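If you want the building blocks of each chain, they are given just below.
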Amino acid sequence: MKLIFAAAVAVSALMSAPAFANMDMAKKNACMACHAVDKKLVGPSYQDVAKKYAGQKDAAANLAKSIKAGGSGKWGPVPMPAQAALSEADALTLATWILAGAK
């Protein structure tokens, strides 16, 4: 019985870890210097990004591409610098997290 309980606790911890890991990833890559979850800073809030991409085909892949390439004009005159050093997998992880409301 103790083994089943320990396994359930471990699974629960693993399932909740990605949200923290993705916030940590956003902080580690300086995303939070320009973006916040729920308000505009230099760039749009993650919630606004999620709303803009809602229902779009390949939204996560397109957002991941924008994260890596950077750009300007989508959200105003301030350009977003490229995150070229970010791996494709990490860019997709961040994009998926953002599209889920950055929770």
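Refer to the structure above for everything that follows.
One pass over the full model with this rule turns up one aromatic pair. Ring geometry for Tyr-46 versus Trp-97: centroids 5.4 Å apart, planes at 65°, classification edge-to-face. Taken together, the positions of Tyr-46 in helix H2 (residues 46–53) and Trp-97 in helix H4 (residues 88–99) put the pair 51 residues apart, joining distant regions of the chain. With relative accessibility at 3%, the residue Tyr-46 sits in the buried group.

Let us now look at the nonpolar core. General note: in soluble globular proteins, nonpolar side chains tend to be found buried as a group. In this structure, Ala-26, Tyr-46, Leu-63, Ile-67, Leu-94, Trp-97 and Ile-98 are the most contacted members of the largest nonpolar core, which totals 18 residues. Of all elements in the fold, only helix H1 (2–28), H2, helix H3 (59–69) and H4 reach the threshold of two or more residues within this core. If you tally residues by element for this core, the top one is H4, at five residues.

It is worth spelling out the environment of Glu-88 at this point. The residue Glu-88 is located in helix H4 in this model. Its relative accessible area of 60% is what places Glu-88 among the exposed residues. Sequence-wise, Glu-88 and Ile-67 are 21 residues apart; in three dimensions their C-alpha atoms are separated by 9.7 Å.

A covalent bond bridging the sulfur atoms of two cysteines is what the word disulfide describes. As enumerated under the stated definition, the model contains zero disulfides in all. Cys-31 forms no disulfide, and the closest cysteine sulfur to it belongs to Cys-34, at a distance of 8.8 Å. Of the residues examined, Cys-34 reaches a relative accessible area of 29% and is grouped as partly exposed.

Cut-offs and rules
- Residues numbered from 1 in each chain as written.
- Predicted model: local features only at pLDDT ≥ 70, side-chain atom pairs only at ≥ 80, totals over all residues.
- Heavy atoms only, no water.
- Phe/Tyr/Trp six-rings, centres within 6.5 Å; stacked < 30°, edge-to-face > 60°.
- Helix = DSSP H or I, 4+ residues; strand = E, 2+ residues; numbered from the N terminus.
- Buried < 20%, exposed > 50% of the residue type's maximum accessible area, 1.4 Å probe, protein only.
- Core = buried A, V, L, I, M, F, W, Y, C linked by side-chain atoms within 4.5 Å.
- Disulfide = S-S within 2.5 Å.

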